[in-house]
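Observations on the three-dimensional arrangement
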Amino acid sequence: MRACRRILAVAGFAAFLAPLAATSPLNAQGLPPLIFGQPSDDENEPSPYQKLKEKADEKAKEYAIQPFKLIVGIGAYAAPEYLGGKRYEFGPMPILDVNWRDRIWLRGRTLGANIYRNSWIRFGPVIRVDTGRDSSHSDHIDGIHDINPSAEIGGFVEGTYNLPGPNHKLALRLAAYQGIAGGHGGTIVRTRLQYTRRFLIAFYVQANVFANWASGPYMRSYFSVTQADAERTYFPTYKAKAGFRDVGTSVALTMSFAEHWGLLVRARYARLLGNAADSPIVKDGGSADQFFIGAGIFYRY
């Protein structure tokens, strides 16, 4: 009798599950469709994730064809007190990105123009601001010569390779700048390999590896110790020469939390090399390891 009751109970439970199984087909992995974002019985209906993704793709395309784009925001950063410093300072981090018809653009302290562009290459002139150095901002190098802020003019070329998926690409960039109107008066060549990817609808990531080469006047301005500097400080005299200034990596993560609002987080690491790393202002109480981190909120027009 007990065996019969068990058989009847199992049969009744199976009969109870049968209608549910008929209305809730399993996928190939044997999991309910709800786990894959398909809460309805219609297998052809897009999931909520797919609907959001399609809407995000449409918004991205609409934004891409706008003739004028503007992103403004504010945040905070932490960075070394000077190039080669060990102590860190905190300050406001403006966020600014302006683009007109993908011809003229302003990003932070750099203004540029795409004289020629297609789907895989672009090049044109650039001008940027070098903020110089006020040695009185750091007790460690107080007495070392100041470097006046100046303009840098030059040009860039950038090649892009589009990878499968939206906003998924690799870009290799080479830019050269010459300091004018005071300041360091030298030349700096910047190279960068950038990987860009959008994921989880609202997130964008940009990862970079970079290397910077600088001429003699630039290196002497930022890393030499003159006789006058040595007399005012405890540093020995030192004359820096042209060479690679640093190599490093950086990452920027953007998260959109509303149609126009978003968050930006940036992190950067650079390692000073050669004559830059050997400078007394770096070796004696400074650091060849340079970190930067910043975060802020922005509004996209």
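The structure this text deals with has already been given above.
The text that follows walks through the structure, step by step, so that each part is easy to find. (Residues numbered from 1 in each chain as written. Predicted model: local features only at pLDDT ≥ 70, side-chain atom pairs only at ≥ 80, totals over all residues. Heavy atoms only, no water.)

Considering the overall build of the protein
Of the regular secondary structure elements, the protein holds 6 helices and 13 strands. Taking all 301 residues of the protein together, 34% fall into the buried category. Intrachain contacts of the protein at a sequence separation of at least 6 include 56% that bridge at least 24 residues. Approximately 17700 Å² of the protein is accessible, and the part contributed by carbon and sulfur atoms is 64%. (Helix = DSSP H or I, 4+ residues; strand = E, 2+ residues; numbered from the N terminus. Buried < 20%, exposed > 50% of the residue type's maximum accessible area, 1.4 Å probe, protein only. Contact = heavy atoms within 4.5 Å. Areas by Shrake-Rupley, 256 points an atom, 1.4 Å probe, with all protein chains shown as cover.)

Focus: the pairing of strand 11 (residues 243-256)
Residues in a regular strand point their side chains to alternate faces of the sheet. Two strands pair when backbone bridges link them, and strand 10 (residues 203-214) and strand 11 are joined in this way by 12 bridges, in the antiparallel orientation. Its bridge partner lying in strand 11, Tyr204 is registered against Thr254. Sheet analysis places strand 11 next to strand 12 (residues 261-272), joined by 11 bridges and oriented antiparallel. The residue of strand 12 that forms the bridge with Ala252 is Arg266. Between strand 11 and strand 12, which pair antiparallel and follow one another directly, the connecting turn spans 4 residues. (Pairing = 2+ DSSP bridges.)

What about the nonpolar core?
The biggest cluster of nonpolar side chains holds 25 residues, and the ones touching the most others in it are Met219, Phe223, Leu272 and Ile281. Listed by contribution, the elements that provide at least two residues to this core are strand 8 (169-180), helix 3 (216-223), helix 5 (274-278) and helix 6 (280-283). With 4 residues, helix 3 is the largest single contributor of residues to this core. Once residues lying within four places of it in the same chain are set aside, the contact partners of Leu272 are Leu83, Gly84, Phe223, Arg245, Asp246, Ala277, Val282, Ser287, Ala288 and Gln290. Listed in part, the 6 residues of the second largest apolar core include Met93, Ile95, Ala252 and Phe298. (Core = buried A, V, L, I, M, F, W, Y, C linked by side-chain atoms within 4.5 Å.)

Points about the pattern of salt bridges
For the structure on display, the rule yields 9 salt bridges. For Arg173, the salt bridge goes to Glu158, with nearest N and O atoms at 2.9 Å. Here Glu158 lies in strand 7 (residues 150-162) and Arg173 lies in strand 8, a separation of 15 residues in the sequence. In terms of burial, Arg173 and Glu158 fall into one category: buried. Residue Asp246 is joined to Arg245 by a salt bridge in which the shortest nitrogen-to-oxygen separation is 3.1 Å. Across the pair, Arg245 and Asp246 agree in class, each one buried. (Salt bridge = Lys/Arg side-chain N within 4 Å of Asp/Glu carboxyl O.)

Focus on the side chain of Ser224
Inspection of the secondary structure puts Ser224 in the loop between helix 3 and helix 4 (227-232). Taking the relative accessible area as the measure of exposure, Ser224 reaches 5% and is therefore buried. Among the polar contacts made by the side chain of Ser224, one reaches the main-chain carbonyl oxygen of Tyr238 at a distance of 3.5 Å. From its side chain, Ser224 meets the backbone nitrogen of Ala240 in a polar contact 2.8 Å long. (Polar contact = N/O pair within 3.5 Å; in protein donor to acceptor, adjacent residues only side chain to side chain.)

Observations regarding the packing of aromatic side chains
Throughout the structure, instances matching the rule amount to 9 aromatic pairs. Relative to Phe156, the ring of Trp105 lies with its centre 5.8 Å away and its plane at 75°, an arrangement referred to as edge-to-face. Here Trp105, found in strand 3 (residues 104-107), pairs with Phe156, found in strand 7; they are 51 residues apart in sequence, far enough to count as distant. Through pairs of rings, three or more aromatic residues link up here, namely Trp261, Tyr299 and Tyr301. Taking NZ or CZ as reference, Arg107 lies 4.5 Å from the ring centre of Trp105, over its face. Just above the ring of Tyr177 sits the side chain of Arg128; from NZ or CZ to the centre is 5.6 Å. (Phe/Tyr/Trp six-rings, centres within 6.5 Å; stacked < 30°, edge-to-face > 60°. Lys NZ or Arg CZ within 6 Å of the ring centre and 35° of its normal.)

So, unusual backbone geometry
One non-glycine residue with positive phi stands out, namely Arg101, at about 55°. Tracing the chain through its elements places Arg101 in the loop between strand 2 (88-100) and strand 3. In the Ramachandran plot, Ala181 falls in the positive-phi region, its phi being about 60° despite a non-glycine side chain. In this fold, Ala181 is placed in the loop between strand 8 and strand 9 (187-199). Accessibility expressed as a relative area gives 69% for Ala181, which makes it exposed.

A short note on the environment of Leu200
Locating Leu200 in the fold gives a position in the loop between strand 9 and strand 10. Since its relative accessible area comes to 55%, Leu200 is described here as exposed. For Leu200 and Met255, which are 55 residues apart along the polypeptide, the C-alpha to C-alpha distance reads 9.8 Å.

As for helix 3
Of all 8 residues that make up helix 3, 6 are buried, and the element is covered over most of its length. Taken together, the buried positions of helix 3 are Gly216, Tyr218, Met219, Ser221, Tyr222 and Phe223.

Re the pairing of strand 7
With 10 bridges joining them, strand 6 (residues 121-130) and strand 7 adopt antiparallel strand pairing. Bridge pairing links Val129 to Ala151 in strand 7. Relative to strand 8, strand 7 runs antiparallel, the two being bridged by 12 bridges. Bridging from a neighbouring strand, Ile153 pairs with Gln178 of strand 8. Between strand 7 and the antiparallel strand that follows it, strand 8, lie 6 residues; Gly165 among them carries a positive phi value of about 105°.

Remember that the coordinates give geometry; whether it matters functionally is a separate question.
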